[in-house]
Amino acid sequence: MTSYPALQFDMNSLACRLQELKDKGFILIEDALPTEYCESIASFIDAHLDEQGGEHESGHVGTMQRIWSAEKFSGIVLDYKDKCSRILSTLFGQPLQPQRILAMRDKAIPFKTQEERDRFAKGRWHYDSWTDQYKIFLFLKDVGPDNGPFEFIPGTNGTFKRKLAFTRPWWLFNPFTHFTSTKRPYQSIADERVQSIIERGYPSFPLVARQGTMLIVNPSALIHRASPINSGSRYLSVAYF
């Protein structure tokens, strides 16, 4: 049986951080897993996509590639799923199991014009859902400002979200298409509206992270987006609960 590196932080320290997660919507753990662990998952992604032609979802002229339920194809991803189960189970004090693991590789899109690039960058801000859904991100490579950091707005959870839904529901959905559209109504919040939130004292937080960093987050609670990739690539492994 293959042995994989252990988590590099004290699991017991998580037990007292549940309220922090609920209050802030996220917990950041740096150096959660070693370089070799992250590189092994990244190598699986490359081999699955480039050498094996494995099952995946592709978009944006092939620059966005998603391997859903990646634990079915890789032992180390299955191990990551088990680690995430233990992490969230410790946090919440009850057995919890990820629904699936997403392994992903994104590359910069070769836009022909700046206008195309600017248009693609718009309309990415959103809440994931009305109800809580926790995810655990593992950054398999370093993430800087140019290769698509996960960007969110602290403080847009809890009372803020409920007040926004009550006082400005049209920011979150179109009442004329809400019951007929197949697209999630809250999937996109206009950039201009998000900018007004930022200007009211809620600055965005682009997560620049070192390889091996973990982000435990409730993206249904926070306005967030995947920032566009201007150069390089982005490798992530994400547990969906």
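Residues numbered from 1 in each chain as written. Predicted model: local features only at pLDDT ≥ 70, side-chain atom pairs only at ≥ 80, totals over all residues. Heavy atoms only, no water.

*Asks:* An account of helix α2 (residues 35-51) is requested, with residue identities and associated values reported.
*Replies:* Relative to the 24 Å expected for 17 residues at 1.5 Å per residue, α2 spans 23 Å between its end C-alpha atoms, a close match to the ideal helical length. Residues of α2 that are buried: Tyr 37, Cys 38, Ile 41, Ala 42, Phe 44, Ile 45, Ala 47, His 48 and Leu 49. Contact partners of the buried residues in α2: β3 (64-67), α3 (75-92), β4 (100-107), β5 (135-139) and β10 (233-240). Residue Gly 53 follows α2 closely and has a positive phi angle near 60°. (Helix = DSSP H or I, 4+ residues; strand = E, 2+ residues; numbered from the N terminus. Expected span 1.5 Å × (residues − 1). Buried < 20%, exposed > 50% of the residue type's maximum accessible area, 1.4 Å probe, protein only. Contact = heavy atoms within 4.5 Å.)

*Asks:* Go over the sheet that holds strand β7 (residues 205-206) with me, naming the residues and quoting the values.
*Replies:* Pairing between sheet strands relies on hydrogen bonds along the backbone, with the strands arranged either parallel or antiparallel. Spatially, the three strands line up as an open sheet ordered β7-β6-β9, and their pairing is antiparallel. Only two strands of the sheet have a single partner each, and these edge strands are β7 and β9 (224-226). (Pairing = 2+ DSSP bridges.)

*Asks:* Residue-level account of the environment of Gly 212, with values.
*Replies:* Relative to the helices and strands, Gly 212 is located in the loop between β7 and β8 (214-217). Gly 212 sits 182 residues away from Glu 30 along the chain, and the two C-alpha atoms are 6.8 Å apart.

*Asks:* Could you give me a rundown of the side chain of Ser 74, with the residues and numbers involved?
*Replies:* Tracing the backbone shows Ser 74 in the loop between β3 and α3. At 3.4 Å, the side chain of Ser 74 and the backbone nitrogen of Val 77 are in polar contact. (Polar contact = N/O pair within 3.5 Å; in protein donor to acceptor, adjacent residues only side chain to side chain.)

*Asks:* How would you explain helix α5 (residues 159-167) if you had to name every residue and give the values?
*Replies:* An α-helical turn contains 3.6 residues, so any two residues separated by three or four positions project in the same direction. Among all positions in α5, only Phe 160, Lys 161 and Leu 164 are buried. Buried residues in α5, looked at end-on, bunch into an arc of 95°, giving them a common side. Those residues of α5 that are exposed and aimed more than 90 degrees away from the buried face are Thr 159, Arg 162, Lys 163 and Phe 166. (Arc of directions from axis to C-beta.)

*Asks:* Residue-level account of the sheet that holds strand β1 (residues 26-29), with values.
*Replies:* Taking strand neighbours across the sheet as the criterion, the seven strands line up as β1-β8-β5-β10-β4-β3-β2 in an open arrangement whose pairing is antiparallel. Strands at the two margins of the open sheet, each flanked by one partner only, are β1 and β2 (57-59). Across the sheet, the mean angle separating the axes of adjacent strands is 15° when strand polarity is ignored. Where β5 meets β10, five bridges bridge the pair, whose relative direction is antiparallel. Looking at β10, one finds that Phe 137 is bridged to Val 238. Contacts from α2 reach β3, β4, β5 and β10, with the element oriented near 75° to β4. (Axes fitted to C-alpha atoms, helices over the stretch in contact; angles between N-to-C directions.)

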